[in-house]
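# An overview of the molecular structure
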Amino acid sequence: INLTELHQLMSCFYTVQVLRRGVRELQFELPGEWTVTDVTCPSLVRWSIEEPSGHKVLTVRLRSAKVGTTPLHIKAAASRSGDRWLAPRIVLVGAAFQRGYVMVNTDETLRVRSQKLTQARREDASTAAVPGLVSTSAGRLYFHWGDNWSVGLELAEAVLRRSIKE
C-alpha cells in the first residue's frame, strides 16, 4: 500500500489455496471507501463489485472450477486524510484461515510516529521471502494472521530540511 498525503493506492497479490471441492467463483469483502480499479488472474472470466451496507464485495468468476493455488492481483485506490491510518482488510468470504503480509510505503511528505498491531508483527523487509515483494523496498512490512488482525499507524507530516552550502 502506498500512502500519500491525500491518497492511498493498493496493489494486492492474493494467493488462494483451494483444498477440496473446486471453486468457480471467489468473493472478497473490502472496506467501502476503496475503489477497485483492476483485477487480474490467469483464469479470470470477469469481476464485479456489489455494495451491500458499508462495505464492498468483489466477485471474481473463474473459467473453470479450480482446486489448488489460484493467484489474483487486485488494485484499488482510496482517498486519505488525518493522521491515523488503518490497513484495509481484504477478506476472502468463506475461507477457513487467512494470513498474509502488508507492505506500507509512505511518500517523502509523511513519516510514521507510532504503530498499533493486533494479530500482526513487523518483519524485516530485506530478509523476508515473500512472493511479489521487492526486498529492497524502504517500506514497513507486517505479517498478519487470524480473523481480527489490524495494523494501525499514526502518521505525521515529515519536516523536510534543505540547505545549500556555498
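See the structure printed just above.
Residues numbered from 1 in each chain as written. Predicted model: local features only at pLDDT ≥ 70, side-chain atom pairs only at ≥ 80, totals over all residues. Heavy atoms only, no water.

## With respect to unusual backbone geometry
One non-glycine residue, Gln119, lies in the positive phi region at around 50°. The residue Gln119 is located in the loop between β9 (110-118) and β10 (120-123) in this model. Residue Gln119 is classed as partly exposed on the basis of its relative accessible area, which comes to 32%. (Helix = DSSP H or I, 4+ residues; strand = E, 2+ residues; numbered from the N terminus. Buried < 20%, exposed > 50% of the residue type's maximum accessible area, 1.4 Å probe, protein only.)

## Focus: the pattern of salt bridges
Under the defined criterion, the tally for this structure stands at 3 salt bridges. Arg61 is the salt-bridge partner of Glu25, the closest N and O atoms lying 3.4 Å from each other. Of the two residues, Glu25 sits in strand β2 (residues 7-31) while Arg61 sits in strand β5 (residues 55-79), which places them 36 residues apart along the sequence. Where Arg121 meets Glu123, a salt bridge forms, and the shortest distance between an N and an O atom there is 2.5 Å. For Arg121, a relative accessible area of 43% puts it in the partly exposed group. (Salt bridge = Lys/Arg side-chain N within 4 Å of Asp/Glu carboxyl O.)

## Observations concerning the nonpolar core
For soluble globular proteins, nonpolar side chains are generally found buried alongside one another. Core analysis: the biggest nonpolar cluster contains 35 residues, and Phe28 and Leu72 have the highest contact counts within it. Contributing elements (two or more residues each) for this core: β2, β3 (35-40), β5, β8 (99-106), β9 and β12 (150-157). No other element matches β2, which puts 8 residues into this core. When near neighbours in sequence (up to four residues on either side) are disregarded, Phe28 contacts Tyr14, Val16, Lys56, Val57, Leu58, Val60, Leu72, Ile90, Val91, Leu92 and Val93. (Core = buried A, V, L, I, M, F, W, Y, C linked by side-chain atoms within 4.5 Å. Contact = heavy atoms within 4.5 Å.)

## Overview of the sheet that holds β12
As summarised here, the arrangement of the 3 strands in space is β6-β12-β9, forming an open sheet in which the pairing is antiparallel. At either end of the open sheet lies a strand with only one pairing partner, and these are β6 (84-86) and β9. Mean inter-strand twist for the sheet, computed between neighbouring axes without regard to direction, equals 25°. (Pairing = 2+ DSSP bridges. Axes fitted to C-alpha atoms, helices over the stretch in contact; angles between N-to-C directions.)

Shape descriptors only; they carry no functional weight alone.
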